[in-house]
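# Chain and residue survey
For reference, the chains in residue letters:
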Amino acid sequence: MISQAQRVSPQEACGLLFGYKKGDFYQVLEVKPVKNELQSRTHFRMDASEQIQIFLKMEKLGLELVGIFHSHPCGPDYPSNTDIQEAYYPEAIFLILSPKVVGWVINGYIIQEHKAVQVKIELYNKD
């Protein structure tokens, strides 16, 4: 996620996270970057055909959508009003990546009923 955010900055990066959800625990097994059709510094829209192909592939692997990520290269490290209004997957964690002086910060949110609640995330490198 961070390497894609760095690569496309100052445009917003975006993508999908697949794995398993067990209660309040989300395990991410696959991170799939998706092209931002808008190529914007302040908005994103995932390429629909790319998104569908990724969903089909992940479904074949038996994985479920557990998260959606995008970067805020020029903005806050929390969801914007647009992010909250356009959060169409209430079961997913929304990850916001934002650059800081010492690197990128990743914050997670559950967005339901037009409200964002920050959740604790723990990142592990599978290497």
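As a reminder, the structure under discussion sits directly above these lines.
In this text, all values refer to a predicted model and were calculated from it rather than measured experimentally.

## Topic: the overall build of the chain
What the chain contains, in helices and strands, is 3 helices and 6 strands. Moving toward the C terminus, one meets the helices and strands of the chain in the order α-β-β-α-β-α-β-β-β. At 14 Å, the chain has a C-alpha radius of gyration in line with the 14 Å of a compact globule built from 127 residues. Expressed as lengths along the three principal axes of its C-alpha atoms, the size of the chain is roughly 35 × 35 × 30 Å. Nonlocal contacts in the chain, meaning residues at least 24 apart in sequence, comprise 56% of its contacts between residues at least 6 apart. For the chain, the exposed surface amounts to about 8,000 Å²; the carbon and sulfur share of it is 52%. Put simply, the chain has 13 plus and 15 minus side-chain charges, and the middle of one group is 4 Å from the middle of the other.

## Here's the deal with the packing of aromatic side chains
Per the stated rule, a full pass over the model turns up 2 aromatic pairs. On the basis of an interplanar angle of 20 degrees and a centroid distance of 6.4 Å, the ring pair of Phe 55 and Tyr 89 is categorised as stacked. With Phe 55 in helix α2 (residues 48-60) and Tyr 89 in the loop between α3 (81-85) and β4 (93-100), this residue pair connects regions lying 34 residues apart in the sequence. Ring-pair connections join several aromatic residues into one group, and the members of that group are Phe 18, Phe 55 and Tyr 89.

## Concerning the environment of Ile 84
Tracing the backbone shows Ile 84 in helix α3. Residues Ile 84 and Ile 110, spaced 26 residues apart in sequence, show a C-alpha to C-alpha distance of 9.7 Å. Excluding anything up to four places from it in sequence, Ile 84 contacts Pro 79, Ile 111, His 114, Lys 115 and Ala 116.

## Focus: unusual backbone geometry
Note the cis peptide between Ser 9 and Pro 10, where omega equals 20 degrees. Its location among the elements puts Pro 10 in the loop between α1 (2-8) and β1 (14-22). Here Gln 39, not a glycine, exhibits a phi torsion of approximately 45 degrees, which is positive. On the secondary structure map, Gln 39 appears in the loop between β2 (25-34) and α2. Unusually for a residue other than glycine, Glu 113 sits at a positive phi of about 50 degrees. Tracing the chain through its elements places Glu 113 in the loop between β5 (103-112) and β6 (115-119). Among the residues examined, Glu 113 registers a relative accessible area of 75% and is labelled exposed.

Reading the values: rules and limits
Residues numbered from 1 in each chain as written. Predicted model: local features only at pLDDT ≥ 70, side-chain atom pairs only at ≥ 80, totals over all residues. Heavy atoms only, no water. Helix = DSSP H or I, 4+ residues; strand = E, 2+ residues; numbered from the N terminus. Rg over C-alpha atoms; globule rule 2.2 N^0.38 Å. Contact = heavy atoms within 4.5 Å. Areas by Shrake-Rupley, 256 points an atom, 1.4 Å probe, with all protein chains shown as cover. Lys, Arg positive; Asp, Glu negative; His and termini not counted. Charge placed at Lys NZ, Arg CZ, Asp CG, Glu CD. Phe/Tyr/Trp six-rings, centres within 6.5 Å; stacked < 30°, edge-to-face > 60°. Buried < 20%, exposed > 50% of the residue type's maximum accessible area, 1.4 Å probe, protein only.

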